[in-house]
Amino acid sequence: MAKIKVTKVKSAINRTLRQKRTLEALGLRKIGQVVEHEASPNILGMVAKVSHLVSVEDSKQ
């Protein structure tokens, strides 16, 4: 399965608790932090919910 790199680019301050917990579940805590995940439907759905706070790119591995 393909891998994606998710980078947190905006703060979670003044965001809903659901969005904060989604970022935490993705493993993102600090701005600029990058995590790598499998591109499963679960992960892609989580990324879609916080797409305004993160950037996504394909991993070259």
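Read on for a plain summary of the structure. As the structure is a computational prediction, the values presented were derived from the model and not from experiment.

Turning next to the packing of helix α1 (residues 17-26) against helix α2 (residues 41-49). For the pair α1 and α2, the least separation of the axes is 10 Å and the interaxial angle reads 140 degrees. Here α1 lies oblique to α2, going by the angle between them. Taken as a pair, α1 and α2 cross one another with a handedness that is left-handed. Together, Gln19, Thr22, Ala25 and Leu26 of α1 and Ile43, Met46, Val47 and Lys49 of α2 make up the contact between the two elements.

Here the focus is the environment of Lys30. If you trace the backbone, Lys30 turns up in the loop between α1 and β2 (34-38). The class for Lys30 is exposed, based on a relative accessible area of 63%. For the pair formed by Lys30 and Ala48, sequence separation is 18 residues and the distance between their alpha carbons is 19 Å.

Glancing now at the side chain of Thr7. Here Thr7 shows up in strand β1 (residues 3-8). Leaving out residues up to four positions away in the same chain, Thr7 has contacts with Gly32, Gln33, Val34, Leu53, Val54 and Ser55.

Rules used in this analysis
The numbers attached to residues start from 1 for each chain and follow its sequence in the written order. Reporting in this predicted model follows two pLDDT cut-offs: at least 70 for local features of residues, and 80 or more for side-chain atom pairs to be given and counted; totals over whole chains, interfaces and linings ignore these cut-offs and use all residues. Hydrogens and water molecules were not included; the side-chain quantities draw on all heavy atoms of the structure. Angles run from 0 to 180 degrees between N-to-C directions of axes, and those axes are lines fitted to C-alpha atoms, restricted for helices to the stretch in contact. The helix and strand labels rest on DSSP assignments: H or I over at least four residues marks a helix, E over at least two residues marks a strand, and numbering proceeds from the N terminus. Angular relationships are summarised with four words: roughly parallel below 35 degrees, roughly antiparallel beyond 145, roughly perpendicular across 65 to 115, and oblique for the angles in between. In a left-handed crossing the near helix is turned counterclockwise from the far helix by less than a right angle, and in a right-handed crossing that turn is clockwise. Whether two residues are in contact is decided by their heavy atoms: any pair within 4.5 Å suffices. A simple rule labels every residue: compare its accessible area, found with a 1.4 Å probe on the protein chains alone, to the largest value its type can have, and call it buried under 20%, exposed over 50%, or partly exposed in between.

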